Amino acid sequence: MSFLAPAAFVFAAAIPVVILFYLLKRKRVVKLVSSTLLWQQFLAETQASAPFQKLRKNWLLILQILLLLLVVLALSRPYFAAKTQPAQLRVVILDASASMQATDETPSRFEKARAEALKWVDSLANNDQMVILQAGANTEVKQSATSEKAALRRALQACACSDGPTRLVAALRMAESLVRDQRGAEIHLFSDGAVPELTEFDNKGLPLVYHRIGKSSDNIGITALDVRANPEDAHQRAIYTSVANFSTNTVQTELELLLDDRLLETRPLSIPAGETSPQVFLAGQSSDGVFTLRLKGKDDLAVDNQASIVSLLPKPIKVLLVSRGNRLLEKALRSVANVELATSSDLTDPAIGFDFVVLDGVTPVVWPQVNVLAFHVVNTNWIPEVMHLDGPPIVDWRSTHPLLRYAGFDNVQVAESLGAKTPSWAVSLVDSPQAPLILAGELGRQRIIWVGFDVLESNWPLRVSFPIFIANAAEWLNPANAKGGQLLVKAGDAFRLMLLRVEKEAQMTLPGGQVKMLKLDPSANELVFAETYRQGIYRVRLGTNETTFCVDLLDAAESNIKPREELQLGKYSKIAATTRQRTNTELWRSIASLGLLVLLIEWWYYHRRTV
Amino acid sequence: MPESLLTSEMLRRLEQFQLLAARRAKSSAKGERRSRARGQSVEFADYRTYVQGDDFRYLDWNLYGRLERLFLKLYEEERELPVRMFLDASESMTFGTPRKFDFARQVAAALGYVALCGFDRVSVIPFPASPNDTQSDAGARSAQLAARVALRAVRGKKSGIQFFQNLNTLTAGGAATLNETLRRGALEARQSGLAVVLSDFLDPAGYESGLNALIGRGFQVDIVQILSPEELSPTTFGDLRLVDSENGAMQEVTFGRYRMKAYQQTVQNFIQRLREFCQARGINFFSVSSNMSLEDLLLKQLRKAEVWA
């Protein structure tokens, strides 16, 4: 047996009160009378001699009937079906993003939202069902459709606010799929509306009820953070950040820069309302470390007042060029900053020790196990089928890929090339009508860029795009970079770490200091850690190697905690915040309490009237 | 205890009354009451044929002149009416404002005075026979006993003052012995007559056998039941432990204003039972409250019921 409302056991506290009543002694007044004869007859006559007597007006009777009526009324569980039509299904989306931690509601927006949602659970009619979704960086189904209120309450209690951004679209999509074809179904969104634009979500008919949580927008936050070598002084590091003021007043504050908990600089800031102040810090750094930016002062949202970033000192990139002589390529490689270039005419070992290998038309005896930039080389492990193309025109290239950043193929002609069908591990970067000419991708633990043609068989080396492509390739193929880019994770996003060796387990140290052991699949080539709910510095230990990564909010949409009056859905539809309070309010608790009160009054009256 | 039981105005008015007895007096003593006995008086009763030895003085010579036969004129013998008053002097009579006992003594005084004025013999029998020994004073006790003895037979209007004084000396106390007193009174009486019972009738033993004994002995019985206002409608409410003044019995009762009607109904039922008992036996019954005006009872109710005229 279980209880729908275990909280009602609090009413058991009334039992000692009743016992107390019985403990109270009735004090009788002793009185001398002439004779008790008449009294004896009186008692004998008033005692029930007949089973029935005439119904007389008696306040005790009226009170008892009132009590009974209240109990019956409470058992019938009345409610006010005031403003809503009965809904068969209600999908509750609880926004659990960072902005819900704002303390403009007491104790926080999230707790307020949870309390509101709990009220809606209470008001759920008997046959109606409810689904609880928690929308943070990921959407979690906390409770599938049920009408069991205890389970719904438990699910709501189990929801927890994270430091991540809101990905409301995913939650709405899920909710939409749940309510599709359900008559009368409603989606209840408990949120402050501090969400990215929902323009990609276009559903005019969505039965969305938006419960706005939150009052004010008093917040400043760090919305961007990056660290690089100072372009003007390679020995220094430049930390780029921007601080946004989302409150309605100009804010005076101080921004602190710390390196591994050591205070480096404090900078006073004055940011007008609604403005963003970009800041650049320059700092020397002798070893790898973590830069932390901290905003002094108090505002409604604390989570965005601090951000950390891992800064690794640049290491020289070791590159092996295997070529029969290609001065243009060699020159392009040497011009890339920080590159230590070695050349060879052939490759007889897996080239471990180099960061990547450039194969220029040479088919190696032993294929390298490190990252590879291959020109005009056929490896059937990579590309099962290679065709020969004569003067293939370049018709398209993927300019969004990091390898082709600033590198266009507008006036590049190729005399002769190998063409390949795009294998599953790679994406095509440059296309001719017949086949892709350049492919890039990851095969196993290797990053591979395959260029189908010999650069000397084209006019590409004469174009500006060539050295840029080489520089991009050096950056993309550098395993340190591949790692470094992932050392800053937005809260709620997964942290991924390439595994260079087979590891059985990893030890993850969370910002709070807790240690978590992660079991790794021997066949996995990367470590994926998705529980980045809290911002801060995480450390993962793999064997003897320790890697530090930072989880930050860095989301202007989240930091702008101004409660939105309406949500823009798609281009045209808007959902205004509802003023609707919970409906179908159940009254039985109040009635039961009233009944208890009547019971006490009855006792009091019974004792009073005899005096 | 009031100084004088009856005011002089009341006495003056009472002198005009005469006790009415439905039955002929059976007393052996001469009085002013008509009796079945034939004797010497001015009231003619009957004729009787002369037999030898009759007194010639009572022959009707006029009749002899017409019929030439001797007839004797018979006259009614006028005799006294014995009036016995049973006065309840138990503890329960000391309750009420004014006290029930005082009211009972006033009624007894009035009835007694009327009887004395009519040359009737009055005897007052207080019960219980001996009051409990609350009076430690020996003098008061002997005065009490003397008064009780003196009240057993009073005759003549001249004895009125003494009669009132003796009544005034009586005190109340002890448990009521109504049945026993009435039965003994019926047995002791040499002649029946008028019996007046002045009591609250709140005797757990009841009253039936005593009254039946009086009726059986041939008494004409008048009953005045005296209850106090507190008994008719109590003024104390709440959780009570009531103590009986006569036998000390305890009775726990929870009494509120809402039960007042029920209580009054009980009292009325009690009175009604007594009344019906009396009506069935030709007893004059009066139920009064001790705060009732004495004149109303004496000058109106008793007259209306033809106790006196």
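This structure is a prediction, so every number in the text was calculated from the model and none was measured. (Residues numbered from 1 in each chain as written. Chains lettered and ligands numbered in written order. Predicted model: local features only at pLDDT ≥ 70, side-chain atom pairs only at ≥ 80, totals over all residues.)

## What to know about the overall build of chain B
Scanning chain B for helices and strands turns up 10 helices and 10 strands. With 309 residues in all, chain B has 37% of them scored as buried. By sequence separation, contacts in chain B at least 24 residues apart represent 80% of the contacts at least 6 residues apart. (Helix = DSSP H or I, 4+ residues; strand = E, 2+ residues; numbered from the N terminus. Buried ≥ 20, exposed ≤ 12 C-beta atoms within 10 Å, placed from the backbone. Contact = placed C-beta atoms within 7 Å.)

## Remarks on the overall build of chain A
Scanning chain A from N- to C-terminus turns up 11 helices and 34 strands. Expressed as a percentage of the 611 residues in chain A, the buried residues total 36%. Contacts in chain A between residues at least 24 apart in sequence constitute 69% of all its contacts with a sequence separation of at least 6.

## With respect to the pairing of strand β6 (residues 186–191) of chain A
Residues and elements named next belong to chain A. Burial runs high along β6: six of the six residues are buried. Of the two faces of β6, the one carrying Glu186, His188 and Phe190 and the one carrying Ile187, Leu189 and Ser191 are both buried. As paired strands, strand β3 (residues 89–95) and β6 are joined by five bridges and run parallel to one another. By the bridge assignment, valine 92 is partnered in β6 with histidine 188. (Pairing = 2+ DSSP bridges.)

## Considering the packing of helix α2 (residues 37–46) of chain A against helix α9 (residues 260–280) of chain B
Running from amino to carboxyl end, α2(A) crosses α9(B) at an angle of 115 degrees, the nearest separation of the two axes being 9 Å. Accordingly, the angle class assigned to the pair α2(A) and α9(B) is roughly perpendicular. The crossing of α2(A) and α9(B) is right-handed. Touching Leu38(A), Gln41(A), Phe42(A), Glu45(A) and Thr46(A) of α2(A) are Ala262(B), Tyr263(B), Thr266(B), Val267(B) and Phe270(B), all from α9(B). Of the residues contributing to the contact of α2(A) with α9(B), the split by class is six nonpolar, three polar and one charged. (Axes fitted to C-alpha atoms, helices over the stretch in contact; angles between N-to-C directions. Parallel < 35°, antiparallel > 145°, perpendicular 65-115°, else oblique. Left-handed = near helix turned anticlockwise from the far one by under 90°. Nonpolar A, V, L, I, M, F, W, Y, C, P; charged D, E, K, R; others polar.)

## Focus on the pairing of strand β15 (residues 317–323) of chain A
All names here are of chain A. Taken across its seven residues, β15 has five buried, putting it largely inside the fold. As defined by bridge partners, β15 adjoins strand β16 (residues 339–344) across six bridges and the pair is classed as parallel. By the bridge assignment, valine 319 is partnered in β16 with leucine 341. On the question of chirality, the crossover connecting β15 to the parallel β16 by way of helix α7 (residues 327–334) is right-handed. In terms of strand pairing, β15 meets strand β17 (residues 356–360) through five bridges, oriented parallel. Along β17, the bridge assignment pairs leucine 321 with valine 358. (Right-handed = clockwise from strand over helix to strand, strands pointing away.)

## Details of the interface of chain A and chain B
Across the contact, 23 residues belong to chain A and 29 residues belong to chain B. The element contributing the most residues to the side of chain A that touches chain B is α2(A), with nine residues. Of the residues assigned to the side of chain A that touches chain B, the class counts are 10 nonpolar, seven polar and six charged. As judged from the five bridges shared by strand β1 (residues 29–33) of chain A and strand β8 (residues 238–244) of chain B, these two strands associate in the parallel manner. When the bridges of β8(B) are listed, Lys31(A) appears paired with Leu242(B).

## Some details on the packing of helix α6 (residues 178–188) of chain B against helix α7 (residues 208–217) of chain B
Residue and element names in this part refer to chain B. Viewed as axis vectors pointing N to C, α6 and α7 meet at an angle of 15 degrees, and their least axial separation amounts to 7 Å. The pairing of α6 with α7 is recorded here as roughly parallel in orientation. Here α6 and α7 pass one another in a crossing that is left-handed. In this structure, α6 uses Leu178, Asn179, Thr181, Leu182, Arg183 and Ala186 to contact α7, whose residues at the interface are Ser209, Gly210, Leu211, Ala213, Leu214, Gly216 and Arg217. Of the residues that constitute the contact of α6 with α7, the class distribution is six nonpolar, five polar and two charged.

## Focus on the confidence of the model for chain B
Overall, the prediction assigns chain B a mean pLDDT of 85, with 90% of residues at 70 or greater. Reported confidences for the modelled complex are a pTM of 0.50 and an ipTM of 0.82. (pLDDT = per-residue confidence, 0-100.)

## Examining the sheet that holds strand β30 (residues 536–542) of chain A
Where strands meet in a sheet, backbone hydrogen bonds hold them as pairs that are either parallel or antiparallel. Residues and elements named next belong to chain A. The five strands are arranged β25-β31-β30-β27-β28 in an open sheet whose pairing can be described as mixed. The sheet is open, and its two edges are formed by β25 (488–490) and β28 (515–519), each paired on a single side. Within the sheet, the average angular offset between the axes of one strand and its neighbour, ignoring direction, is 30 degrees. With three bridges connecting them, β25 and strand β31 (residues 545–552) associate as parallel partners. Each bridged residue has a counterpart across the sheet, and for lysine 490 the counterpart in β31 is aspartate 552.

## Structural notes on the sheet that holds strand β7 (residues 208–212) of chain A
All names here are of chain A. Strands sit in the order β5-β4-β3-β6-β7 across an open sheet of five strands; the sheet is mixed. Where the open sheet ends on each side, the last strands, each with one partner, are β5 (139–146) and β7. Adjacent strand axes in the sheet meet at a mean angle of 15 degrees, parallel and antiparallel pairs treated alike. Sheet topology note: the β6/β7 ladder contains five bridges and is parallel.

## Some words on the environment of Ser108(A)
All names here are of chain A. Among the secondary structure elements, serine 108 is positioned in the loop between β3 and α4 (109–122). Residues serine 108 and aspartate 300, 192 residues apart in the sequence, show an inter-C-alpha distance of 9.2 Å. Setting aside residues up to four positions removed in sequence, serine 108 forms contacts with Met100, Gln101, Ala102 and Thr103.

## Some points on the environment of Leu145(B)
Its place among the elements puts Leu145(B) in helix α4 (residues 138–150). Each C-alpha atom, one on Leu145(B) and one on Leu170(B), is 8.8 Å from the other, the two residues being 25 residues apart in sequence.

## A short note on unusual backbone geometry
The linkage connecting Thr97(B) with the following residue, Pro98(B), adopts the cis geometry, with an omega of -5 degrees. Relative to the assigned elements, Pro98(B) resides in the loop between β4 (82–88) and α3 (100–117). The phi torsion at Ala351(A) lies on the positive side, around 65 degrees, for a residue other than glycine. Locating Ala351(A) in the fold gives a position in the loop between β16 and β17. Look at Ala351(A) and you get buried, because 24 C-beta atoms sit within 10 Å. The backbone phi angle of Tyr406(A) is positive, close to 60 degrees, even though this residue is not glycine. Following the sequence through the fold, Tyr406(A) ends up in the loop between β20 (396–397) and β21 (416–420).

## So, the environment of Pro402(A)
All names here are of chain A. The topology assignment puts proline 402 in the loop between β20 and β21. A sequence separation of 71 residues divides proline 402 from alanine 473, and the C-alpha atoms of the two residues are 8.7 Å apart. Proline 402 has contacts with Asn472 and Trp476, leaving out every residue within four places of it along the chain.

## Details of α9(B)
Along its 21 residues, α9(B) runs 30 Å from first to last C-alpha, staying within 8% of the 30 Å computed at 1.5 Å per residue. Taken as a whole, α9(B) has its buried residues at Tyr263(B), Thr266(B), Phe270(B) and Cys278(B). Along the long axis of α9(B), the arc covered by the buried residues comes to 115 degrees, so they all point the same way. With respect to the buried face of α9(B), the exposed residues turned more than 90 degrees away are Lys261(B), Gln272(B), Glu276(B), Gln279(B) and Ala280(B). Those residues of α9(B) that are buried are in contact with α2 of chain A together with β7 (220–227) and β10 (284–289) of chain B. Note on α9(B): the residue one or two positions beyond its end, Gly282(B), has a positive phi of about 70 degrees. (Expected span 1.5 Å × (residues − 1). Arc of directions from axis to C-beta.)

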